[in-house]
Amino acid sequence: MVVESREWVLSAYVPQGVPTSEHLKLNTVTLKLDSDSIPDRHIAVQLLWLSIDPYLRTRMSGHQDGLYFPQFELNQAVTGFGVARVIRSKNSSYIEGDIILNPFCPVAEYCIIQPSDFLRKVDPDAGVPLPDYLCSLGVPGFSAWVGIEVLGNPKPGENVFISAAAGGVGMFAGQLAKIKGCRVVGSTGSDEKVKLLKEEFGYDDAFNYNTETDFDAALSKYFPTGIDIYLENVGGKMLEAVLNHVNKRARIPVCGMISQYNQVWSEREGVRNLLNMVGKEVRMEGYLVGSYINRFGDFAKEMESYIKQGKISSKHKIYNGIESFLESLASLFSSSNVGKVVIQVKQEMEA
């Protein structure tokens, strides 16, 4: 009825750079799980899997500059997208043993929460590995689907460029564009990942941005007939180069700008050629997957079909134990990172 729960707390904001142990602290708290300690309509859960996503960094800066979530509160547990098991329930909609998906799960081994409309149960008979709910069938897959399928609206034969192509979103975005009959090229941070994109994810071509540092020249080589769709994941110099190579009525869904997250806004790289959007009638549109939640059922049905047909593959890096949160978060900004980053907080058979 009483557990010692480790949780990650934000002790100081991080205006620049990658968070360190000076900003994030791993604390241990005592949590009572008896019936009298759990409020009505609440549930006690044990975290099994945690998704590590770039947006978490934006909630630690202490600044509100175009972000889609508020800043984390200091001296409180940070939250992320997690898979958890119900271990106690005083809510008639949940029973012990239920597996739930929670977009705002405290990064803690155990916690007591009041279920919201954002929570959903996992069907235990679906035969889907739990990490997939944080990967191909989770926020990364949904982000890629909205960007390519809904906003990109790809046509067969169009040229599609994906930045951060070996990341959690990029690996699915390129495959979805290929399914629609497009020619797809990606940028990534190493020769090994270039090989991965072409051999495992079906990209037509890819380049290493650490080797081909003249982005304008690189895009001239890989897109001699121009770019029709660009899924924006990095911002800065790459976006500026893309705007020199867009075709008439190109679409640029903006999923994120990870190259800018560790800098204050006044030191981020500007884009000098936005005027190109006028003459080419380009549509550049930022999006939040939460605004398309009404399409999640369509996405899940389509993605599950592609997975069963072998048209979609994925790769994820698994860290073990909640103590690896800081390390796994830092890995997102490393050129060695491939695919989706997740933490296995608790072995499922132990839960």
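Taking an unreviewed UniProt entry as the reference, the protein is identified by name as Enoyl reductase (ER) domain-containing protein belonging to Tetracentron sinense.

**Side note on the domain arrangement of the protein**
Along its sequence, the protein is carved into domain 1 (2-135 + 316-344) and domain 2 (139-308). Relative to domain 2, the C-alpha centre of domain 1 lies at a distance of 28 Å. In total, domain 1 and domain 2 occlude about 1800 Å² of area from one another, counting both sides; carbon and sulfur atoms represent 60% of this. For the pair domain 1 and domain 2, the number of links is zero salt bridges. Our count for the domain 1 to domain 2 interface comes out at three residue pairs in polar contact (both at pLDDT 80 or more).

**A look at the sheet that holds strand E8 (residues 159-162)**
Pairing within the open sheet is parallel, and its six strands lie in the order E10-E9-E8-E11-E12-E13. The open sheet terminates on both sides in strands that have one partner only, identified here as strand E10 (205-208) and strand E13 (283-286). Averaged over neighbouring strand pairs, the angle between their axes works out to 15° when direction is ignored. Pairing of strand E11 (residues 227-231) with strand E12 (residues 246-254), which is carried by two bridges, proceeds in the parallel orientation. When the sheet's bridge partners are listed, Ile227 is paired in E12 with Val246. Taken strand by strand, helix H2 (residues 139-152) contacts E8, E11, E12 and E13, and its axis lies near 140° from that of E12. Here helix H4 (residues 191-199) sits on the sheet in contact with strand E9 (183-188) and E10, set at roughly 170° to E10.

**Section: the nonpolar core**
Counting residues in hydrophobic clusters, the biggest one holds 39 residues, and the most contacted among them are Phe142, Ile148, Val160, Ile162, Leu176, Leu231 and Tyr287. Mapped onto this core, the elements with two or more residues apiece are H2, E8, helix H3 (170-179), H4, E11 and helix H8 (296-308). Top element by residues in this core is H2. It accounts for six residues. Beyond its immediate sequence surroundings of up to four residues, Ile148 is in contact with Asn153, Pro154, Val160, Ile162, Ala173, Leu176, Ala177 and Leu231. Within the second largest apolar cluster, 23 residues are counted, among which are Ile52, Leu56, Met60 and Val341.

**A few points about the pattern of salt bridges**
A complete count under the given rule lists 16 salt bridges for this structure. Here Glu109 makes a salt bridge to Arg6, at a shortest N to O gap of 3.0 Å. With a gap of 103 residues between them, Glu109 in the loop between strand E5 (99-106) and strand E6 (110-113) and Arg6 in strand E1 (residues 2-10) connect regions that are remote in the sequence. Residue class for Glu109 comes out buried when judged on its relative accessible area of 11%.

**Things to note about the side chain of Asn273**
With respect to the helices and strands, the residue Asn273 is situated in the loop between E12 and helix H7 (276-279). Judged by relative accessible area, which is 12%, Asn273 ranks as buried. What Asn273 contacts, discounting residues up to four positions off in sequence, is Glu240, Leu243 and Asn244.

**Considerations on the environment of Glu4**
Residue position: Glu4 is located in strand E1. When neighbours within four sequence positions are excluded, Glu4 is seen to be in contact with Thr28, Val29, Thr30, Glu109 and Tyr110. Within the structure, the side chain of Glu4 is placed 2.8 Å from the side chain of Thr30, a separation counted as a polar contact.

**A short note on the packing of aromatic side chains**
Taken as a whole, this structure holds 11 aromatic pairs when the rule is applied. Considering the side-chain rings of Phe142 and Phe296, the 5.0 Å spacing of their centres and the 80° angle between planes classify their relative orientation as edge-to-face. Placement of Phe142 in helix H2 and of Phe296 in helix H8 is noted, with a sequence separation of 154 residues between them. What makes Phe142 buried here is its relative accessible area of 3%. Residue Phe296 is classed as buried on the basis of its relative accessible area of 17%. With 5.2 Å between their ring centres and 15° between their planes, Phe161 and Tyr230 make a pair best called stacked. With Phe161 in strand E8 and Tyr230 in strand E11, this residue pair connects regions lying 69 residues apart in the sequence. Taking relative accessible area as the criterion, Phe161 reaches 0% and is therefore assigned buried. These aromatic residues form a ring-pair network of at least three members: Phe161, Phe207, Tyr222, Phe223 and Tyr230. One cation-aromatic arrangement involves Lys121 over Tyr94; the distance from NZ or CZ to the ring centre is 5.1 Å.

**Quick look at the pairing of E5**
Regular strands place their side chains on alternate faces of the sheet. Here E5 lies mainly inside the structure; seven of its eight residues are buried. In this structure, E5 lies alongside strand E7 (residues 120-121), joined through two bridges in antiparallel fashion. Bridge pairing links Ile100 to Lys121 in E7.

So, how was this worked out
- Throughout, a residue's number is its position along its own chain's written sequence, starting from 1.
- pLDDT decides what is reported in this predicted model: residues at 70 or higher carry local features, side-chain atom pairs at 80 or more are listed and counted, and totals for whole chains, interfaces and linings draw on all residues regardless.
- Excluding hydrogens and water, the side-chain values take into account all heavy atoms of the structure.
- An automatic or database domain assignment supplies the residue ranges for each domain.
- In short, buried area is how much 1.4 Å probe accessible area vanishes from two parts on joining, totalled over both.
- Whenever a carboxyl oxygen of Asp or Glu lies within 4 Å of a side-chain nitrogen of Lys or Arg, that contact is scored as a salt bridge.
- Distance and chemistry together define a polar contact, namely a pair of N or O atoms within 3.5 Å, with one atom able to donate a hydrogen and the other to accept it when in protein, and with adjacent residues in sequence counting only for side-chain atoms on both sides.
- The rule for pairing is simple: two strands pair if DSSP sees at least two bridges between them.
- Counting from the N terminus, the helices are the DSSP runs of H or I reaching at least four residues and the strands are the DSSP runs of E reaching at least two.
- Where helices are involved, their axes are fitted lines through C-alpha atoms of the stretch in contact, as for all axes, and angles between N-to-C directions lie from 0 to 180°.
- Note on definitions: a residue-residue contact is assigned when non-hydrogen atoms from the two residues lie within 4.5 Å.
- We define the nonpolar core as a collection of buried residues of types Ala, Val, Leu, Ile, Met, Phe, Trp, Tyr and Cys that are connected through side-chain atoms lying within 4.5 Å of one another.
- Only protein chains enter the calculation, and the probe is 1.4 Å; a residue is then buried if its accessible area is under 20% of its type maximum, exposed if over 50%, and partly exposed in between.
- Only Phe, Tyr and Trp rings take part, Trp by its six-membered ring, and two of them pair if their centres are within 6.5 Å. Stacked means planes under 30 degrees apart, edge-to-face means over 60, and tilted covers everything else.
- Charge-over-ring placement is defined geometrically: NZ (Lys) or CZ (Arg) within 6 Å of the ring centre, and within 35 degrees of the ring normal.

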